[in-house]
Each structure stands twice: as structure tokens, then as C-alpha cells.
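Examining the three-dimensional arrangement
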Amino acid sequence: MTIARVAIDRATVQFDKEYDYIVPAHLGQKLKAGCRVVIPFGSGNRNRMALVLDLLEGEHTSKLKEIFGLVDEEPLLGPEELGLLRYLREQTFCLYFDALRAIVPPGIGVNLVGGLTAKRGILLPDSLPSEAVQIYEYLLVKKKPVDEKKLLADLGLKENHPALARLIEAGAIERGERLRQRIQDERIAMVRMAELSTSKKLTDRQRAVIELLLQVGCASIKEVIYFCGVTRAVVDRLITTGVLESFEESSYRSPNAGRVRAPSESPILTPDQEAAFQSLKDIAQSGKPSTSLLYGVTGSGKTQVFIRLIEDALARGLGSIVLVPEIALTPQTVQMFYDRFGERVAVLHSSLSMAQRMDEWKRIKEGLADIVVGTRSAVFAPVKKLGIIVIDEEQEHTYHSESAPRFHARQVAALRSRWHNAAVILSSATPSVESYSNALAGKYNLVTLSQRYQGYSLPEVTVIDMRDSLLAGGSTAISEQLSDELMINLKNGQQSILLLNRRGYNTLIKCSSCGEVTRCPHCSIPMTYHAANGRLVCHYCGHSQPPGESCPSCKSKLIRYSGVGTQRVEEELHELFPDARILRMDMDTTMSRFSHEKAFDAFSRGEYDIMIGTQMVAKGLNFPSVTLVGVLMADQALYADDFRSYERTFSLITQVVGRGGRGVLPGRAFIQTYTPDNRVISLASAQDYPGFYAEEIEFRRLGLYPPYCDMCCIGFSGEDRGQAERAAKDFLVSLKARGTADYSDLPLRALGPSEASPFKAAGRYRYKLILKCRNTARMRQLLHQLLTDHYGDKQNRELTVYIDMHYDGNI
């Protein structure tokens, strides 16, 4: 007897485990591991979706239930993806179906849609209440099953009304469930010849259709109408009389539709690039899994090295995945790869529609695309034979998922590398401290690009002390020196980029009388004033409200608006340079689909003179006409409550300075700061990553931070502050008890629990417990046990807890 081992959808932590079900005889040949099935679950045998993890041979037992039905004719997941599924659940403490939703696109999902139907010809017992009769008569006139919540709402009845149970017991109504695909495949109506010869009398137009199909075999109805100059009625008549037969064919909704391709040749590399390429090619061709760090100064041409490596992989019949940290970087990267490789390139990121993501995923799975460019989730792309996985700007925190499953793209790439014997290439001008440490220790292969492409020089950097500007009564956003440089660029017809990592107009609204700060009613963070809509906006939960005329605490009208955001700087730029064409790039201006691509294309074509933006303008972009870069409020992130604050500040400044001088014209950069003597500022100004690393690694060693340990964050949240705090303290008590009794061999330090930042978000209070530990199987086993215990405690029903083993300082 065949037994299917399955994981169920919509499980809780306590019930998210593997269950055994009997495979009925009629599914014996069809069912494979990786397929989804419908099963009876629980004491009520309610229909549930499940994923088959494995098929085993076993003995019949009355305790096991049978599978109801099959959802997928072909496995949704292959052996590699099933391995990834188990890896994510074990490593990131997520549920099986959370992992499934990360591996496959959302459009591929199938929902079990439940509904109630009435059985006709039933004589209702007299003992039934009037509400039951009302429900039965309501359902009798409905042609399709009705959702239970909709029925109760329409009739004004409460949830779980007893009349429903009475009707089901009496056999008058029944619950039924059907499968519904979330996104339907795009289908094209096609026609082909049904008969090679026909004695039927044909009109001239009908004959033209047949002649076309005899030449091409089949065509879409739209194509037949266009090329033959006929109407739809002519084609329909041929179908009705049996001369033609119609069928449907899947069509892919490609995000490359409308993209203009300018075919390019293989890039010609400089000697520095050629040496890096040869080193990485030898590693990739070794046939062993490997990880390499390509450390190159900004503008050194790392992408051209990637293209050559991908060409080599394609020649060996292998595919590639190229990851970029943000959607903003995708358009330029995609265009570069599309120009070189055409339709072999697939794109995966969150700005695509669900239908597009599903279709791109299918194209990759069917082997129609073997080069994938995308953001974090593209690391799961179903490329059958992987040769290269590139993670560009590998230090970026966006490669770490902050929702279940909380994975890091580096770890998933390493796992896939072992499966395919592929080469993982981490690339950056400012690598993460851990990656550079691994490279120096020989765990990664270190390959260096020390020169800019074609000998272009790095920008000349000037640090501006903004304390002098304040004393002189100048602007808090743009210094006089930077303003003069912008004017020079405008006169010379050259472009400029300004970075300010704060959106909005004013970032602080405060009462001058009592000091009360206007905060979001749902979060413990200050509101930001947006001049574009004249409202206060919370940048955490999205709540907005009109600004008040007086202080809610003391009723004073002395409300002070301070702090500078991108909207304020844009307005100041318009005042300083009325004729300048200014582009603002932040979350407020890039909410619509493809807005990044359109804006960056326009800037690349020279339609704008100055671009002001948040960190999306700082990394990976290549604009040869940009000769001036300005960093506003460079030190604002230096003092964040985060052990990576220096690393992130150094990286951001280095990256944005590197946007300048990438063409023939030399570049210059100006960094505005209130702490010009800070070592991070001076090292970033000099583009001195080795110097920064030497200081930062010593700080990490003394403070016991990665790479000298792993950091794990356990987060707690709830609408009741006391309950959330109590749960965090109880978890720590349990950790100490279990750790002392059964896991005394584990190196472990606990910090907290303490309030998370922000403490209140979207109406929920948040606490965190930080562990310094080693990410081993025994450590994860301990945490899995504690997590199960937490959710097994009834007093924690209203609380949420998560475990993030790849904690990087953000929460």
C-alpha cells in the first residue's frame, strides 16, 4: 500500500508537521511527490489543501485516512524544491506552506473555495427554528454554492448560528468545496485544419483562410483575420462546418513586452577585468560548488564580468540567476542583459503583476528562459541546470526577508550551489564585514577589481562642515558651496545627483510650548509632513491625517515644523534654480508600476538636470553624464540602534559617491555632515574599504558581533502591552531552563528582552530578545521546542512570536 506523507495548508505551529494518508488506487499512478492534494483533516474531516512531501510503502491501518483528490497533474515542486522547502522550515522557523509560497509565485496558488448548497425535495422537520427555514429557502434559489459568511451577513445572522448545524444534521443542506486557481493562464484562441480535403463549396474568403493554414499549419484567430482580411464570422463558419477546428494555447504575459532591444556583442574587457573573469571562470568550470567575492571599486565594470561568465555558462548548457537588491536597479540591469541575450532573459520582482510573475516562472520552468534577473525571491527561480548565481551589492539588507520565511538570499544561493555544483559570486564595492572576513580567511575566493573601467578616475571628494553653515544662518539642506557647484553643472549642461535618505517635507512636528511631538496614533514614531498632499503621514503603517492647528496636549498654537525630507529639498532646488529640470525619486513618486524604469530612462536621456532621491539613487546605477554627487545629512544613520550602523553609513556614502564620474568627464562629490571628524565619514570619502574593514572588524571582535557569532532575534507582539512583555520574559525563563538542563553545551548569550524600535507599530506593542549564539542544528532544535511551547500556552493566543536566525540589526 502506498502512503503519502503530506504537509497541510493553514496549519498552526503545533500542527505544522508531516501526516500520513493512504493513496487511493485510482491515484496510484498519477500522484507524485511535489503535487498538491485535497485531504480530510481533523475530527470534522473538513477538506484541506496539502502538499505531498514523500511517497512510502507501508501497511494498511484503520487510523489512516484516504486522500480525496489530486490538484496538480504534474508536480509543482521537484526534488530540489522539496529540499528547499524543508530547509526553509528548519532554518527559518516558518510553516511548510509559508516556505511553499516563497518558492512558487503567488499566481500559481489554488484556493479551496467552500460553500453551502440546499438539497431539493427535502421536507423540513417541524422542529427546526424559523432561521433554519429562512436559510434553506435562501439557498434554494441560488444556482451556485454560497459562502457561509456571505449567507449569514445577508440574513443578519451571527457567525456559527446553530440553525446551520441543525440543517446539516437534517440533511437539508451540505457543505461543498471546489478548487479555484488564483490566476488563470492567458489563453489564445487558435485554429487549424480539421480536413485536408473538402468537397464543401467555399467562398473566396474561406479559401484564403484555408490556403494560409495549409502553409503555416495553425494560427491564432486574430492572425487569420489580419492576414486574410476576413471577419470573425468567416472563421466561425469554417469551424461550424467542420473544415477547421479550434483550440486554445497558453500565452505568456512577458514584462519584456514593449521593451526595445539593441543587440549587443560580447563585452571587451580591460586587463583588470580579464584577469578577474579568468579567475572566476576557472572556479566555475571546476565542477564543484563554490562561493567567490568579487570586490571592485565603484565603476570598475563588474557587470561586464558577469555577462562574460554567463556567456561561458550558456556555452556549457547551464543557466544563471542574477540578483539585484532593489527594484530600482532592475530596469538598467534587465536592459543590459536583454540587449545581450534577448528572450532568454526572464524577470522576477514584486513590481510585476501576479500574472506576469506566474508566466515568467513557467517560462523558466519549461526551459524557455535560462537567465533570470530579479530581486531576492528570484533566488528560487526554477532554473533546471544552474551554473552561475550572482548576488550584486551583496551587503544590502534587502536580501534578508523580514517576513516568513525569514531567509537570506546568500544562504539559499549556497544551498542551490551545492545541489547544482554551481558558482555563487558575491559582488560589491563595499562587501559586508562577514563576507570580506570569509574571503580573507579563505572560505570564499577573493577576486579584486582595483581600477575603474577604462581608467576613469574616482570622484574628487570634499567634506562640508554643516556647523559652519548653521552659524552663518544658511539653509539646513543645501550648503552654499554645494549650491555653487550645482550652478556650475547646470551651466556646463552636466547632470547631478543628490542623496537624502528621508522622504517627505518636514520630518518632525513639535509643540514649542510643551515639547509634545506629533506621533502616529497606531505607532510610536513621529509623523512626517508631506507638502504634496498637505497631510501628516506615518512612514511605518501608512496612516495619514490633516495637520492640527494646535497642540492636543496644551492647546498651544506654537507648532514647529522642522527636519528636512526629499520634498523640502526639491522645493528648495526649484527656488535656487528656477530653470532646472528636477526629478525626485522616493517611495512617494515611484508607487506606480514601472515608475522607476520610466524615471531613470528619462534621466538617462538627459531630460532632467538634477535628481534628488533616497537610497534608491545610491547604488548600481550608471549615468555617464553625472559629474556631481551631493550627500545631504550624511551622518543621520551613524547613531542608529543597530550594530551595523557604521557599515551601512559607509556603504551608502561610498556607493552614492561612486555614481559620479563614470564617463569621460571627471566627477566630484560633496558630503555634508555635522560630524566631519567621524572616521566613517573620512574613510568613505577616501573610498577606503580596507581601512574601514580593519577598524570595524576590531569593534566586532571586542563586542562579540558577527562574524564572531551569529545573531538571532526573537520578536513578540500583541495589542496588549503587558501581555507582550510577559510573553517575552516567559520565553527567556524557558530558554534559561531548557538551555541549562538539556543544552548546556551551546554557547549562548541573551540580551533583553527590551522594547523593539519602533515600540508600537500598527497598533501592536513589540518586544525583542537578542541571542548571540551559533546557528547549529542543536540551537535550532532548542528554539523550535521553545516556539512550540509558546504557541501551546493558551494565554499566548492573542500574541505573535517569530524567530529570525539571520538578524542583521533591523526589526
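What counts, and at which threshold
- Counting restarts for each chain, with residues numbered from 1 along the sequence as it is written.
- In keeping with the model being predicted, local features are shown solely for residues with a pLDDT of at least 70 and side-chain atom pairs are shown and tallied solely at 80 or more, while totals for entire chains, interfaces and linings include all residues.
- Note that water and hydrogens are dropped before the side-chain values are worked out from all heavy atoms of the structure.
- What counts as a salt bridge is simple: a side-chain nitrogen of Lys or Arg found within 4 Å of a carboxyl oxygen of Asp or Glu.
- Strands are runs of DSSP state E lasting at least 2 residues, helices are runs of H or I lasting at least 4, and numbering of each runs from the N terminus.
- Remark: exposure states derive from per-residue accessible area (1.4 Å probe, protein chains only) relative to the maximum for the residue type, with buried under 20%, exposed over 50%, and partly exposed in between.
- When DSSP finds two or more bridges between two strands, those strands count as paired.
- The axes are straight lines fitted to the C-alpha atoms, using for helices just the contacting stretch, and the angles between their N-to-C directions are given from 0 to 180°.
- Throughout, a residue-residue contact means that at least one pair of heavy atoms, one from each residue, lies within 4.5 Å.
- A pair of aromatic rings is counted whenever rings of Phe, Tyr or Trp (Trp by its six-membered ring) have centres within 6.5 Å, and the orientation is called stacked for planes under 30 degrees apart, edge-to-face for over 60 and tilted otherwise.
- Only Lys NZ and Arg CZ are tested; either one counts as a charge over a ring when it is within 6 Å of the ring centre and within 35 degrees of the ring normal.
- An angle counts as roughly parallel when it lies under 35 degrees, as roughly antiparallel when it exceeds 145, as roughly perpendicular when it falls between 65 and 115, and as oblique in every other case.
- Here a crossing is called left-handed whenever its near helix is offset anticlockwise from the far helix by less than a right angle, and right-handed whenever the offset is clockwise.
- Amino acids outside the nonpolar list (Ala, Val, Leu, Ile, Met, Phe, Trp, Tyr, Cys, Pro) and the charged list (Asp, Glu, Lys, Arg) are all regarded as polar, and Gly is one of them.

Overall, the coordinates contain 36 salt bridges when judged by the stated rule. A salt bridge links Glu80 to Arg416; its shortest N-O distance comes to 2.7 Å. Remark: Arg416 occurs in helix 13 (residues 409-420) and Glu80 occurs in helix 1 (residues 79-92); sequence separation between them is 336 residues. Looking at Glu80, the relative accessible area reads 8%, which means it is buried. Looking at Arg416, the relative accessible area reads 1%, which means it is buried. With a closest N to O distance of 2.6 Å, Glu695 and Arg679 form a salt bridge.

The strand order 13-14-12-15-16-11-17 describes an open sheet built from 7 strands, whose pairing is parallel. Of all strands in the sheet, those bounded by a partner on one side alone are strand 13 (345-348) and strand 17 (445-449). Adjacent strand axes in the sheet meet at a mean angle of 20° when their direction is disregarded. Pairing of strand 11 (residues 290-296) with strand 16 (residues 423-428) involves 6 bridges; the strand directions are parallel.

Turning next to the sheet that holds strand 3 (residues 36-41). Where strands meet in a sheet, backbone hydrogen bonds hold them as pairs that are either parallel or antiparallel. Read across the open sheet, the 5 strands follow the order 2-1-4-3-5; overall the sheet is antiparallel. Of all the strands in the sheet, the pair left with one neighbour each is strand 2 (19-22) and strand 5 (69-70). Across 4 bridges, strand 1 (residues 2-8) lies against strand 2 in antiparallel orientation. Among the inter-strand pairings, Arg5 is bridged to a residue of strand 2, identified as Asp20. Set on the sheet, helix 2 (residues 96-103) makes contact with strand 1 and strand 4 (46-57); between it and strand 4 the angle comes to about 85°.

Glancing now at the packing of aromatic side chains. Tallied over the entire structure, the rule returns 17 aromatic pairs. Taking 5.3 Å as the distance between ring centres and 85° as the angle between the ring planes, the aromatic pair formed by Phe759 and Tyr767 counts as edge-to-face. Accessibility assignment for this pair places Phe759 and Tyr767 in one class, buried. Here Arg340 stacks its cationic end above the ring of Phe341, 5.7 Å away from the centre of that ring. Its guanidinium or amino end placed over the ring of Tyr802, Arg406 lies 3.7 Å from that ring's centre, counting from NZ or CZ.

Between helix 9 (residues 271-284) and helix 10 (residues 302-315), whose axes approach to 10 Å, the crossing angle comes to 40°. As summarised for this structure, helix 9 and helix 10 are arranged oblique, according to the angle between their axes. For the element pair helix 9 and helix 10, the recorded crossing hand is right-handed. Contacts from Gln273, Glu274, Phe277, Leu280 and Lys281 in helix 9 reach Gln304, Val305, Arg308, Leu309 and Asp312 in helix 10. Tallied by class, the residues present in the contact of helix 9 with helix 10 amount to 4 nonpolar, 2 polar and 4 charged.

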